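Next come the chains, spelled out residue by residue.
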Amino acid sequence: MEVMPTSAVAWSHVVLENFLKKDHLAVDLTAGNGKDTLFLARRASRVLAMDIQQAAMDKTEALLKKEAIKNAELILDSHENVSRYVELSEVDAFVMNLGYLPGGDKEITTTWPATKRTLNAILANMKFGALISLAIYPGHDAGKVESEGMEALIGALDQKAYKVVKITFPNQNHCPPYWVGIARC
Ligand SMILES: C[S@@+](CC[C@H](N)C(=O)[O-])C[C@H]1O[C@@H](n2cnc3c(N)ncnc32)[C@H](O)[C@@H]1O
């Protein structure tokens, strides 16, 4: 590893590496190219991975097949519908890497109204000790809106019920992505 991670996703993996246990259930709410799904599947017992794009499902499926991963289920649907597929109170880790599919259509991106609905549903139902990992990309238009909404949401969380950590990169140019972790306590 480099001296210390300098990206939001790298930090998310440092935290998740320490958090995840072999019997955990994890949900990747934005599967994209499948890198986070693969990371989770290697460390948890079972992983659900959602995305609204068939292209993302195809990429994720190919990566998991190449790595002989058998404990991940792919779901072509919006993360807003996550409770149709899993009991939110049974999930140990939720991962949301926001933005658009790297190498894909930049117009298809996560949006704050949908992200907010999903987060509010998870926050209201998550079990004690569960973790939400968020990689946030304020450097594009939809991402800026999402980031502003996120700041309001996390700033308003009851500190007796949720621990919130934010990792930022203050001397990087061009609104770098940052990481937020929310743990139910
Ligand atoms: C930055 S990418 C995710 C990267 C991915 N975690 C990886 O490891 O490659 C964001 C993904 O979110 C997906 N997305 C956008 N809106 C969504 C929604 N409402 N529900 C689920 N996925 C969504 C996009 O299609 C895109 O693939």
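Reference entry: report on the structure contained in this document. Please read these numbers as outputs of a predicted model, since none were measured by experiment.

**Let's talk about the nonpolar core**
Here is step 1: Phe94, Ile132, Leu134 and Ile182 are the most contacted members of the largest nonpolar core, which totals 31 residues.
Here is step 2: Secondary structure elements with two or more residues in this core: β1 (25-28), β2 (46-51), β4 (93-97), α4 (112-125), β5 (131-136), α5 (141-155) and β7 (178-184).
Here is step 3: Leave out the neighbours within four places in its chain, and phenylalanine 94 touches Val27, Leu29, Leu88, Ile122, Met126, Leu131, Ile132 and Ser133.
Here is step 4: Membership of the second largest hydrophobic core comes to 17 residues, among which are Ala26, Ala72, Ala93 and Val95.

**Focus: the sheet that holds strand β6 (residues 162-167)**
Here is step 1: With mixed pairing, the seven strands of this open sheet are ordered in space as β3-β2-β1-β4-β5-β7-β6. Two strands bound the open sheet, and with one partner strand each, they are β3 (72-76) and β6. Averaged over all adjacent pairs, the angle separating strand axes in this sheet is 15°, with direction ignored.
Here is step 2: Both β1 and β2 contribute to a ladder of four bridges, which runs parallel. The residue bridging valine 27 from the neighbouring strand is leucine 48, located in β2.
Here is step 3: Across the sheet, helix α3 (residues 54-66) lies against β2 and β3, angled at about 170° from β3, the strand it touches most.

**Description of unusual backbone geometry**
Here is step 1: At histidine 174, a residue that is not glycine, the phi angle is positive and equals roughly 60°.
Here is step 2: Relative accessible area serves as the criterion here: at 74%, histidine 174 is assigned to the exposed category.
Here is step 3: Here cysteine 175, not a glycine, exhibits a phi torsion of approximately 45°, which is positive.
Here is step 4: Along the chain, cysteine 175 turns up in the loop between β6 and β7.
Here is step 5: On the accessibility criterion, cysteine 175 (48% relative accessible area) is partly exposed.

Definitions and limits used
- Residues numbered from 1 in each chain as written.
- Predicted model: local features only at pLDDT ≥ 70, side-chain atom pairs only at ≥ 80, totals over all residues.
- Heavy atoms only, no water.
- Core = buried A, V, L, I, M, F, W, Y, C linked by side-chain atoms within 4.5 Å.
- Buried < 20%, exposed > 50% of the residue type's maximum accessible area, 1.4 Å probe, protein only.
- Helix = DSSP H or I, 4+ residues; strand = E, 2+ residues; numbered from the N terminus.
- Contact = heavy atoms within 4.5 Å.
- Pairing = 2+ DSSP bridges.
- Axes fitted to C-alpha atoms, helices over the stretch in contact; angles between N-to-C directions.

None of this, on its own, says anything about what the molecule does.
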